[in-house]
Structure formats: C-alpha cells, structure tokens
Amino acid sequence: MSGAAEASDTPRPRQGSAAVLMLAALVGGLLLGVLAIRLGDGLKEPLVQAASLVGGLWLDALKMTVIPLIVALLVVGIVGGADAARAGGLAARAVIWFLLFYVFSATFGAVMTPALLSLFPLPTEAARALQAGLASVDQSVTATAVPQVADFFKSIVPSNPIAAAANDQILPLVFFTTVFAFALARVAPERRAAGLGFFEAVGDAMLLVIGWVLWLAPIGVFALAFAVGAGAGGSALGAVAHYVLILSALGVIITVLGYVIAIVVARYSPGTFLRAMAGPSAVALSTRSSLASLPAMLTAAAELGIEQRKADVVLPLAVALFRATGPAMNIGVALYVAHWIGVEISWTGYAAGIAVAAMASIGAVSLPGQISFVTSIAPISLALGVPIEPLALLIAVETIPDTFRTLGNVTLDVAVTGAVSRGDERES
C-alpha cells in the first residue's frame, strides 16, 4: 500500500487509467450480470460458468504471488528496520514507535470494523443476495487455515515452514519468516547483503508478475462481477458502496488518531498542526503516494519546529517503513468480506489475523492500492479463515479507500516524527 520507499525498477501502475478501467469493469459486469437474470437459466448459467472460469483464472494468477511476495518483503522490511535501528538512538526510537503502532493499528481495525458494521449494517436483504451471488466461493480451503483453541499456540511454530507455505498456513509462515529475518539481520554484513539481495530480487520479480496480471484486471474484474451480479442482482452495487464507506471511515478515524498523537504526545496546538498538515494532506489526496508527499512533510516538520537533522532521519524512515493505516484497514477488508460471506471468526482467528496484519505491514510495498491489494490482504484473510476470492472484486474500488490510507499515513508520519523528536529532547 501507499507509504513505503519505492524501488526504482519496480513497475509503476497506470494509476488513473487503470483505476477507471477497473471501476468501469466492475460496474459494467455487475449491471450486465443483473440483466442476465432475465435471460433465464438456460442462457444465464452458461454465461456465469464462463465468467467464473475467466475470473477464477485471473484471480489464481494474483494468488500465486502471495506466498513468495510476503516472505520476500517481510525479510527485506525487517532487515532494513534492524539496520536503521542500529544506526542510532533516534532511528531506534522511531522504529519502536512504528512497531508498537502496527500492533495497535491491527487491534484497532479488528475491534472497530465490527463496531462500524453494527452501527451501519449492510441491509439484510442485500447481505443475503450477495451471499447468493458469492455462493460459488469455496470456503473449505480457507476454513482449515485457523486452528482450534487447543492447537492455536502450538501451531504458531511450524515444524515444516515449506509445508506451512504449501498449505496456506500464514501465521506459522510469518512467524518463521520473522525469526529468519531477525537472524539474517545479525549475520556478517557481506553475507547479509548476499541473502538480502536474493529476497529483494524475489520481491521485485513478484511485483513485475503482479504488474503483468493487472494489465488483465479489467477482464478478470468484469468476469467476476458478472457472476456476482447474476447471483446477487442489484443489491451487489449497494453492497460495494457500503464497503467503500466503511473502509474509508476506518481511514478517517486513523487519521484523527494521528492528530491526537500530535496534540497529546508531540504537544502541538490543534491549529498549528492543522495548518502545517495542509500541504502534505493536499499532496497525499492528489497523488495517493507517501513518497511524493515527503518534500511537503519536511516543510511541515520545519513549520512545527522539528530540528532539520531529526526530520531528515525520521521522516524518510517513516516513509520507508511506516504504513500506519495498513494493519487497521487491511484487517478491516478481510473482516468485511467475512461479514459478506457470513463467516464467523473465532478468537483464535482474530488473534492470528491481528498478528499477521501487524507483521505483514512491515514489508508492505509503496505502490498504489490496486497493485498490492490482494497480496497485502490475502495473508490476513487466510489467517482469519476468510475466502480471498471476493478481494478480486474489491480491488476495483480500492482507489477511494486508498486515498484515505495515504492521508492517514502522511498524517501519522509527521505526528510520530514530532513525538520521537519530543522524546529525544527529553532525553537530551
């Protein structure tokens, strides 16, 4: 998602045209699916089967990148964070802030999403219709991903990490990858560089594959939307709009929490911080890129009185490693899909989802939401025991929630920089 350092050789998606094409494919597919209901089962069913086949192949192409990409990015993110923490006390305090907020953000999303759905529920008829439209989703595979209570803690440590990856057991895989990454961070520099280079190459290759698959996104989204529209009818459009509102609300709330940190911890007056954030917020909303917002964030830091030497360390580090809204909004997407499908999440599922959401965000990529949407959220869905097929529909409307993701990330970047700077002053 938005908010990390971008590699120069990583493919950049065509943000505007790709988003418009995918949205048009989603709406067009849903509308034609609704109209296909009138054709009768004799014509509708063959069309739905063909659409499901095409959409399923496209989704499988996206899914095949999930395991290698999350392993590669997690290793690179953790080793990079460890190297930054060793660089000095200021950087170490910033990294600690990032990690603690990741845990908070994931927990907050796990609590707030059900709360928002209780306050603003999807209409019962729309929920039932959508469940009918998604009836072809096979829940049996993901349902086995979450262990029962007695086996939960035992399952965290995998006896065979390769088998865990093959069986989509995401939590033990992430645990092993995290331990491996911290160990790699302590290896001799020349050997660490060789190992890190391998995982960087794997991550870049997978991002290229995702870029290729997304060229076909309008076709895949159209096919999947047609199948859902034919099963759910017009209620599918309302359900998608409801999803956008709920996820965007999560992003807005996280952004407000950034202001709370700035006022309570960094001790800026509300008016001062609001004026300083006007520029970075405008850039964030228009570009959906934390990296593009960095110059404006540095200007805001100067207006807030943060020493340049501190801002020059913490803000680039935040852009590279800190995606504050990621854990909350990513687990929010997975929980919303569970709400759609009618999947009950156990407390072990919530625990696994929170852990994966927090840890996976360390290695999240700084590309607009469409290119990292499935690969960021699929691991959380698998940990929760939620089918990931509906994510292929939601990718088409990610532009709107992604705007609020970036706004929240930029706000938290500056707020945490102020908090770290204030803490450094107290220790000086």
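What counts and what doesn't
Residues numbered from 1 in each chain as written. Predicted model: local features only at pLDDT ≥ 70, side-chain atom pairs only at ≥ 80, totals over all residues. Heavy atoms only, no water. Helix = DSSP H or I, 4+ residues; strand = E, 2+ residues; numbered from the N terminus. Contact = heavy atoms within 4.5 Å. Areas by Shrake-Rupley, 256 points an atom, 1.4 Å probe, with all protein chains shown as cover. Salt bridge = Lys/Arg side-chain N within 4 Å of Asp/Glu carboxyl O. Phe/Tyr/Trp six-rings, centres within 6.5 Å; stacked < 30°, edge-to-face > 60°. Buried < 20%, exposed > 50% of the residue type's maximum accessible area, 1.4 Å probe, protein only. Lys NZ or Arg CZ within 6 Å of the ring centre and 35° of its normal. Core = buried A, V, L, I, M, F, W, Y, C linked by side-chain atoms within 4.5 Å. pLDDT = per-residue confidence, 0-100. Arc of directions from axis to C-beta. Axes fitted to C-alpha atoms, helices over the stretch in contact; angles between N-to-C directions. Parallel < 35°, antiparallel > 145°, perpendicular 65-115°, else oblique. Left-handed = near helix turned anticlockwise from the far one by under 90°. Nonpolar A, V, L, I, M, F, W, Y, C, P; charged D, E, K, R; others polar.

### Things to note about the overall build of the protein chain
When helices and strands are tallied, the protein chain shows 21 helices and zero strands. Contacts in the protein chain between residues far apart in sequence, at least 24 positions, make up 88% of those at least 6 positions apart. Per element, the accessible surface of the protein chain, about 17300 Å² overall, is 68% carbon and sulfur.

### Quick word on the pattern of salt bridges
For the structure on display, the rule yields three salt bridges. One continuous salt-bridge network, built from bridges that share partners, spans Glu307, Arg309 and Lys310.

### Brief notes about the packing of aromatic side chains
Tallied over the entire structure, the rule returns 13 aromatic pairs. Considering the side-chain rings of Tyr336 and Trp340, the 5.5 Å spacing of their centres and the 75° angle between planes classify their relative orientation as edge-to-face. With a gap of four residues between them, Tyr336 and Trp340 both fall in helix H17 (residues 325-341), about one helical turn apart. Here Trp340 falls in the buried class, since its relative accessible area comes to 1%. Feature note: the residues Phe98, Phe101, Tyr102, Phe104, Phe108 and Phe322 constitute an aromatic cluster, connected by ring pairs. The side chain of Arg422 reaches across the aromatic face of Tyr268, ending 6.0 Å from its centre.

### Digging into the environment of Val313
For Val313, the location among the structural elements is in helix H16 (residues 308-321). On the basis of relative accessibility, which here comes to 38%, the residue Val313 falls in the partly exposed class. For the pair Val313 and Leu90, spaced 223 residues apart in sequence, the C-alpha separation works out to 7.9 Å. Filtering out sequence-adjacent residues up to four positions away, Val313 remains in contact with Leu90 and Ala91.

### With respect to the nonpolar core
The nonpolar side chains of soluble globular proteins are, as a tendency, buried together. If you look at the biggest cluster of nonpolar residues, it comprises 135 residues, and the most contacted ones within it are Trp58, Tyr243 and Trp340. Excluding its chain neighbours within four sequence positions, the residues that come into contact with Tyr243 are Val333, Tyr336, Trp340, Phe373, Leu394, Val397 and Glu398. In terms of nonpolar packing, the next biggest core, distinct from the first, is built from seven residues, Ala36, Val48, Ala51 and Ala230 among them.

### Some thoughts on unusual backbone geometry
The backbone of Arg267 shows a phi angle near 65°, a positive value even though the residue is not glycine. If you trace the backbone, Arg267 turns up in the loop between helix H12 (235-264) and helix H13 (270-276). Residue class for Arg267 comes out exposed when judged on its relative accessible area of 58%.

### As for the confidence of the model for the protein chain
In the predicted model, the protein chain carries a mean pLDDT of 81, and 85% of its residues have values of at least 70. Across the protein chain, element-level confidence peaks in H13 with a mean pLDDT of 93 and bottoms out in helix H6 (residues 140-143) with 47. Low pLDDT, under 50, characterises residues 1-14; the stretch is placed with 60 contacts to residues that sit more than four places away or in other chains. Scored below 50 in pLDDT, residues 138-145 shows ten contacts in the model against residues more than four places distant or in partner chains.

### A word on the environment of Met329
Relative to the helices and strands, Met329 is located in helix H17. Look at Met329 and you get buried, because its relative accessible area is 0%. Here the alpha-carbon distance between Met329 and Ile377, two residues 48 residues apart in the chain, equals 9.2 Å. Residues in contact with Met329, not counting those within four places in the same chain, are Leu247, Leu250, Gly251, Pro401 and Arg405.

### Quick look at the side chain of Thr417
Mapped onto the fold, Thr417 is located in helix H21 (residues 399-427). When near neighbours in sequence (up to four residues on either side) are disregarded, Thr417 contacts Ile306, Ala311, Val314 and Leu315.

### Considerations on helix H15 (residues 294-303)
Side chains that are three or four residues apart share a direction in an α-helix, a result of its 3.6 residues per turn. Where H15 is concerned, the buried positions are Leu294, Ala296, Met297, Ala300 and Ala301. Down the axis of H15, the buried side of the element spans an arc of 155°, and every buried residue falls inside it. Facing away from the buried side of H15, by more than 90 degrees, are the exposed residues Pro295, Ala302 and Glu303. Residue Gly305 follows H15 closely and has a positive phi angle near 85°.

### Regarding the packing of helix H2 (residues 41-63) against helix H10 (residues 189-215)
Any two packed helices are characterised by the angle at which their axes cross and by the distance between the axes. Interhelical geometry of H2 versus H10 gives an angle of 165° and a closest axis separation of 9 Å. Taken as axis vectors, H2 and H10 run roughly antiparallel relative to one another. Where H2 crosses over H10, the handedness of that crossing is left-handed. Mapping the contact onto sequence places Trp58, Ala61 and Leu62 in H2 and Ile210, Val213 and Leu214 in H10. When its residues are assigned to classes, the contact of H2 with H10 shows six nonpolar, no polar and no charged.

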